[in-house]
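One letter stands for each residue in the lines below.
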Amino acid sequence: MSPAMQSRGKKITAPDNLYTVILALALVAVLAAAGFVAYQCYTQYETIFKIQ
Amino acid sequence: MSTLTKVLIVLLTVASIFLCGIVVTYVASAENYKDKWQTLQSSERRARQQKDQITEEWNAEKAKMDEERTKLNGEIAALRDQIRGLNGQVADITRERDDARRRKENYETILADYNKTVERNTQLQRDAQKAEADLRAERTKLTQRIEDYIRALDVKSAIVMQLEAKLKGLTEEKAALQGKMDEFLRQYGKVTAQAVPAIAIREAARVAPPATDIDLKGLLAVVDLKNNIAELSIGAADGVEKNMRFHVTRDSKFICDVVVLDVEPDKALGWMELLQDTAQDKPRAGDAVSTNL
């Protein structure tokens, strides 16, 4: 089968790198939230996990 | 990569972003409980300090109040004693006031009686002054009459003296004649008999018993100039007694005296004395008689 035929007969799909980027974005968001929470805990209670 | 894996990646990413947004929003908006706790702790500490301070102040104020209370209780007791003393004084003053009111009423009564007595004495004084004026007028009148009597008495005294001189001469002449007659009769062995008057000798004056001041008044009812007898219009029923002397007057002029000889219940009979020589001064019926001039 020719390439034109192949392009006409297949659905348009995103490349897999896009999903990797999306997944990376999710990871960044999670890390940013965790860092923000840790920063807040340290600034307010001067510790991250210890309960006074 | 399968479709399911892709869907899961997308869902995982969306869910992660959503949950991270929620967590970040919650953490950002969460309260700082440590600061809040510290703030509350410092507030509690301050409150405790204030409580302790207030308690100390309260205890001090209480002690001060107790001291003031003790002091005021002492003052109250003193004031109560003073009130009792003042109540006693009020009772004494009330009694004195009542006594003063009673004395005032008594004095008012005495003053009213005194005023009545003064009015009565004033009336008596007026009456006495009026009586004194009447008595002075009467005294003036009597003084005038006494002067008249004195003048008449002087005249009568002169007449009496002349008659006494004449009587003395007649007595001496009688003695001389009696001596001659005794010598003449002695020659014939006789003596003269004692002379007895045929009628009563009319005396110029006779002392009568003093008349009491009974002030009897009447009239001459009948006059007998020949026998010097007069009848009075009053008798024993009016108080006339025997030997009582009445004065006969006419218009304030002395006429004669009448000495009572006999008394009947409604009339009296008397002897007239001190008759006047003039005809118009002879007593007649209707002349006034009285025991007092």
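Everything below is about the structure shown above.
Residues numbered from 1 in each chain as written. Chains lettered and ligands numbered in written order. Predicted model: local features only at pLDDT ≥ 70, side-chain atom pairs only at ≥ 80, totals over all residues. Heavy atoms only, no water.

> What am I meant to see in the overall build of chain A here?
On a plain count of helices and strands, chain A comes out with 2 helices and 0 strands. Going through the 52 residues of chain A one by one, you find that 13% of them count as buried. Counting every atom, chain A has about 4,400 Å² of accessible surface; 68% of that belongs to carbon and sulfur. (Helix = DSSP H or I, 4+ residues; strand = E, 2+ residues; numbered from the N terminus. Buried < 20%, exposed > 50% of the residue type's maximum accessible area, 1.4 Å probe, protein only. Areas by Shrake-Rupley, 256 points an atom, 1.4 Å probe, with all protein chains shown as cover.)

> Hey, could you run me through a nonpolar patch on the surface in this one?
Where nonpolar side chains cluster on the molecular surface, the patch consists of Leu4(B), Val7(B), Leu8(B) and Leu11(B) and spans about 390 Å² of accessible area. The residue Leu11(B) is located in helix H1 (residues 3–29) in this model. (Patch = residues over 30% accessible without salt bridge, like charges linked within 9 Å, V, L, I, M, F, W, Y side chains within 5 Å. Salt bridge = Lys/Arg side-chain N within 4 Å of Asp/Glu carboxyl O.)

> Mind showing me how you'd approach the pairing of strand S3 (residues 245–250) of chain B here?
Along any regular strand, the residues point their side chains to alternate faces of the sheet. All names here are of chain B. A large share of S3 lies buried, amounting to 6 of its 6 residues. Burial along S3 is two-sided: the residues Arg245, His247 and Thr249 and Phe246, Val248 and Arg250 are all buried. Bridge count between S3 and strand S4 (residues 253–263): 6 bridges; the pairing is antiparallel. Paired with Arg250 across the two strands is Lys253, which belongs to S4. With 3 bridges connecting them, S3 and strand S6 (residues 288–290) associate as antiparallel partners. Within S6, the position partnered with His247 by the bridge is Ser290. (Pairing = 2+ DSSP bridges.)

> It is not clear to me how the side chain of Arg250(B) should be interpreted in this structure. Could you clarify?
Residue and element names in this part refer to chain B. Within the secondary structure, Arg250 sits in strand S3. Looking at Arg250, its side chain comes within polar contact range of the main-chain oxygen of Lys282, at 2.7 Å. When residues no more than four places from it in sequence are discounted, the contact partners of Arg250 are Ile255, Gln280, Asp281, Lys282, Pro283, Arg284 and Asp287. (Polar contact = N/O pair within 3.5 Å; in protein donor to acceptor, adjacent residues only side chain to side chain. Contact = heavy atoms within 4.5 Å.)

> Looking at this structure, I do not really get the sheet that holds strand S5 (residues 268–273) of chain B. What am I missing?
Strand pairing within a sheet occurs via backbone hydrogen bonds; the two strands may be parallel or antiparallel. All names here are of chain B. One closed barrel holds the 6 strands; their spatial order is S1-S2-S5-S4-S3-S6, and the pairing between them is antiparallel. The sheet shows a mean angle of 40 degrees between the axes of neighbouring strands, taken without regard to direction. Strand direction decides the pairing type here: strand S1 (residues 217–224) and strand S2 (residues 229–232), joined by 4 bridges, are antiparallel. The residue of S2 that forms the bridge with Val222 is Glu231. (Axes fitted to C-alpha atoms, helices over the stretch in contact; angles between N-to-C directions.)

> For this particular structure, what's the right way to read the side chain of Asp281(B)?
Residues and elements named next belong to chain B. Position of Asp281 among the secondary structure elements: in the loop between S5 and S6. A distance of 2.9 Å separates polar atoms of two side chains, one belonging to Asp281 and the other to Lys253. In this structure the side chain of Asp281 is engaged in a polar contact, spanning 2.8 Å, whose partner is the side chain of Thr278. Every residue in contact with Asp281, bar those within four places of it in the chain, is listed here: Arg250, Lys253, Ile255 and Gln276.

> What exactly am I supposed to notice about the interface of chain B and chain A here?
Size of an interface, as often reported, equals the accessible area lost when the parts are brought together. Contact with chain B, which involves 18 residues of that partner, is made by 17 residues of chain A. Carbon and sulfur atoms make up 73% of the area that chain B and chain A hide from each other, which totals about 1,500 Å². Of all residues in chain B, Lys6(B), Val27(B) and Lys34(B) give up the largest surface area on contact with chain A, accounting jointly for 32% of the area buried on that side. Counting the contacts that link chain B with chain A gives 1 salt bridge. Counting every contact that joins chain B to chain A gives 2 residue pairs in polar contact (both at pLDDT 80 or more). Elements represented by at least two residues in the side of chain B that touches chain A include exactly H1 and helix H2 (33–186) of chain B. The element best represented in the side of chain B that touches chain A is H1(B), accounting for 12 residues. (Buried area = accessible area lost by both parts, 1.4 Å probe.)

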